[in-house]
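Results of the structural survey
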Amino acid sequence: MQDHTNDPVWKQVIAGSQMLLVAFGALVLMPLITGLDPNVALFTAGIGTLIFHVVTGGQIPIFLASSFAFIAPIIAAKGKFGLEQTMGGLMAAGILYILLSAAVKLRGTGFVTRLLPPVVIAPVIMTIGLGLAPIAVNMASGKAGDGSAELVPYDTAIWIAMISLAVTIVMTLWAKGIFRLIPIMFGVIVGYILSLFAGIVDMTPIREAPWFAMPDFVAPEFGWSAILFMIPVAIAPAIEHIGDVLAIGNVTRKNYLEKPGLHRTLLGDGLATSAASMLGGPPNTTYSEVTGAVMLTRNFNPKVMWWAAVVAIVLAFVGKFGAALQTIPVPVMGGILCLLFGSIAVVGLNTLIRHQVDLSESRNLVIVGVTLVFGIGNMALGQLEGIALCAVVAVALNLVLPGSKEAWGKAIYEQKTD
């Protein structure tokens, strides 16, 4: 295994820029869908990554950026409470991470695994992907994400969306090396070029934007309704976080749950999310795309991620860059999101398969079935709805229903009883 820790600074900067490129597509798509400023998202991804590395002692080659689990809740919360209170709710979600990290520090990781077995994790992750499916289809059809307005004629939109999707799929399957890790970038570029030919790109914002500009930071406001609405949503990305830390540990052959410890990685993620929401940025989460890039390049030096963060912060102040991102037409994003949101659902499905969870067991069938319908159907009970409600319901059903060993699935249960 090649050691990259003593690479010269210029090599680390190039490697860091490459890591940012891998994360870039998903990083900016999330704020573009939710109506947040992509320049702020770049800035908060950079700041969040640096905070994470300070908290974890710079031991893990990981990059933090916009979390897709919060897309639907942010869109809903902005409509109900406004942007400032939505940010206050997201800050509270980050504080929940911090409290969870304190609980892990005091009680160990055992209670997390009891609280979040595969039968809970899987349907919640599937709900994130499938619940977002209407947004992808609306955008691919040339409408706004909520379907409220037609932005591009359907006939033009659908072929641009499908070609963008096809290019992304081709690059995912057949591209070689680092190109295989940036299929979203290729999909966006090809879709954007087609949109230029179709005459649906308005270049005015790019011409009018200054070269250097402050990102459009927004300070949070706090309201109990927005806080109670957003806090339960944090359960889903907390699940995602544990999975990503395990994944990067498998790649580098280190147990990061023990050193620096799950409590420190959760604390880093929580502080990063809280810091992002203080500035009007989307919540942060660990990026599995970057884990794939680390695996491919075999560059396990965490300092590379510091440079990726610095490059993201610098780009955040380039006004024309942010303006260009905001001119990407909705069909381009919609086509790519058909794959991206579907992939999130498949991660959840794979969790059930990998752990051999028996869905013919009545207990498991009840948990998965109710969670999926509540989440995808956007059921509301009081302040809880959609992803937040289904996460709470999945955890509650798992704790209340008898026969907890079935929640783990055959593979882990056999392993535990050997």
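Refer to the structure above for everything that follows.
Report on the accompanying structure. (Residues numbered from 1 in each chain as written. Predicted model: local features only at pLDDT ≥ 70, side-chain atom pairs only at ≥ 80, totals over all residues. Heavy atoms only, no water.)

Let's talk about the nonpolar core
Across soluble globular proteins, nonpolar side chains have a tendency to be buried as a group. Using the following cut-off: Think of a nonpolar core as a cluster: buried Ala, Val, Leu, Ile, Met, Phe, Trp, Tyr and Cys residues, connected wherever their side-chain atoms sit within 4.5 Å. Accessibility here uses a 1.4 Å probe with only protein chains present; expressed as a share of the type maximum, an area under 20% marks a residue as buried, one over 50% as exposed, and anything in between as partly exposed. Numbering goes from the N terminus for both helices and strands, where a helix is a DSSP run of H or I of at least four residues and a strand is a run of E of at least two. Residue contacts are defined here by distance: any two heavy atoms, one from each residue, within 4.5 Å place the two residues in contact.
Grouped together as the largest cluster of nonpolar side chains are 117 residues, with contacts concentrated most on L27, F63, F68, F70, L337 and F341. For this core, the leading source of residues is helix α1 (residues 9–34), giving 13 residues. With residues up to four places along the chain from it excluded, the contact list for L337 reads L29, I33, F68, A136, M139 and G342.

Comments concerning the packing of aromatic side chains
Formally: Any pair of Phe, Tyr and Trp rings, taking the six-membered ring for Trp, is counted once the centres come within 6.5 Å. Such a pair is stacked with planes under 30 degrees apart, edge-to-face with planes over 60 apart, and tilted for the rest.
If you walk through the whole model with that rule in mind, you get five aromatic pairs. Ring centres of F24 and F321 lie 5.6 Å apart, and the angle between their planes is 50 degrees; this geometry places the pair in the tilted category. Highlighted residues: F24 in helix α1 and F321 in helix α16 (residues 319–326), separated in sequence by 297 residues. The exposure class assigned to F321 is partly exposed, which follows from its relative accessible area of 26%. Look at F43 and F217: their rings are 5.1 Å apart centre to centre, the planes differ by 65 degrees, and that puts the pair in the edge-to-face class. One end of the pair, F43, is in helix α2 (residues 38–55); the other, F217, is in the loop between α10 (204–208) and α11 (224–230), with 174 residues separating them in the sequence. One aromatic cluster in this structure is built from F43, F217 and F317.

Focus: the layout of surface pockets
Quick reminder of the rule: Buried and open spaces are told apart on a 1 Å grid over the protein atoms alone, a cavity being a set of points where a 1.4 Å probe fits but cannot get out and a pocket being an open set with protein on both sides within 12 Å along at least five of seven lines. Residues with an atom within 4 Å of a point are the lining residues. Grid points are joined across faces, edges and corners, and a volume is the space filled by probe spheres set on the points. Only Asp, Glu, Lys and Arg are considered charged in this grouping, and only Ala, Val, Leu, Ile, Met, Phe, Trp, Tyr, Cys and Pro are considered nonpolar; every other residue, Gly among them, is considered polar.
Volume-wise, the second largest pocket comes out at about 380 Å³. Around the second largest pocket, the lining comprises 22 residues; the ones closest to its centre are A72, P73, G131, I135 and N378. Residue assignment for the lining of the second largest pocket shows that the elements contributing at least two residues are α3 (71–81), α6 (118–131), α7 (133–140), α18 (362–376) and α19 (386–400). Here the residues of the lining of the second largest pocket sort into 13 nonpolar, seven polar and two charged.

Some points on α1
Short version of the rule: To estimate the expected span of a helix, subtract one from its residue number and multiply by 1.5 Å. At every residue, the bend is computed as the angle between two fitted axes, covering the seven residues ending there and the seven beginning there respectively.
Between the first and last C-alpha of α1 there are 36 Å, a value that for 26 residues agrees with the 38 Å anticipated at 1.5 Å per step. Along α1, the helix axis deviates most sharply at A23, where the bend reaches about 50 degrees. The first or second residue beyond α1 is G35, which carries a positive phi of 80 degrees.

As for unusual backbone geometry
Note that the residue after K259, namely P260, is joined by a cis bond; omega there is 10 degrees. With respect to the helices and strands, the residue P260 is situated in helix α13 (residues 257–278). Positive phi is not limited to glycine here, since R253 has a value of about 60 degrees. Mapped onto the elements of the fold, R253 is located in the loop between α12 (235–252) and α13. You can call R253 exposed: its relative accessible area is 66%. Of note in this structure, Q356 is not a glycine but carries a positive phi near 55 degrees.

Concerning the environment of A76
Counting through the fold element by element, A76 comes out in helix α3. Each C-alpha atom, one on A76 and one on T34, is 9.5 Å from the other, the two residues being 42 residues apart in sequence. In this view, A76 contacts F229 and E385; residues no more than four positions away in its chain are not counted.

What to know about helix α8 (residues 154–174)
Keep this limit in mind: The directions considered for the arc run from the helix axis to the C-beta atoms.
Its 21 residues give α8 an end-to-end C-alpha distance of 30 Å, which sits within 8% of 30 Å, the value for a rise of 1.5 Å per residue. Along α8, the positions that sit buried rather than exposed are T156, A157, I160, A161, S164, L165, V167, T168 and M171. What you see down the axis of α8 is that its buried residues fit within an arc of 160 degrees, all on one side. Every exposed residue of α8 that faces more than 90 degrees away from the buried side is listed here: D155 and W174. Contacts made by the buried residues of α8 are with α7, α9 (183–198) and α17 (330–354).

A word on a nonpolar patch on the surface
This is how it is decided: Only residues whose relative accessible area exceeds 30% and that form no salt bridge enter a patch; like-charged residues are grouped when within 9 Å of one another, and nonpolar side chains (Val, Leu, Ile, Met, Phe, Trp, Tyr) when within 5 Å. We get accessible surface area from the Shrake-Rupley algorithm with a probe of 1.4 Å; when it comes to residues, only the shown protein chains can shield them. A carboxyl oxygen of Asp or Glu within 4 Å of a side-chain nitrogen of Lys or Arg is what we treat as a salt bridge.
Together, I169, V170, L173 and W174 give the surface a local cluster of nonpolar side chains, amounting to about 400 Å² of exposed area. Tracing the backbone shows L173 in helix α8. By relative accessible area, which is 46% here, L173 ends up partly exposed.

Section: the packing of α12 against α13
Quick reminder of the rule: Note on geometry: axes are lines fitted to C-alpha atoms, helical ones only across the stretch in contact, with angles between N-to-C directions running from 0 to 180 degrees. Handedness of each helix crossing follows the sense of rotation of the near helix against the far helix: counterclockwise by less than a right angle gives left-handed, clockwise gives right-handed.
Where α12 meets α13, the closest approach of the two axes is 11 Å, and the angle between their N-to-C directions is 145 degrees. Here α12 and α13 pass one another in a crossing that is right-handed. Each of H241, I242, V245 and L246 in α12 lies in contact with α13, whose residues at this interface are L257, L262, T265, L266 and D269. Split by residue class, the contact of α12 with α13 holds six nonpolar, two polar and one charged.

Let's talk about the side chain of T327
Threshold: Here a polar contact is recorded for every N or O atom pair within 3.5 Å, except that within protein the pair must consist of a potential hydrogen donor and a potential acceptor, and residues adjacent in sequence are included only if both atoms are side-chain atoms.
Its location among the elements puts T327 in the loop between α16 and α17. For T327, a relative accessible area of 8% gives the class buried. Polar side-chain contacts of T327 include one of 2.6 Å to the side chain of Y192. Every residue in contact with T327, bar those within four places of it in the chain, is listed here: Y192, V201, D202, P205 and I206.

By themselves these figures say nothing about function.
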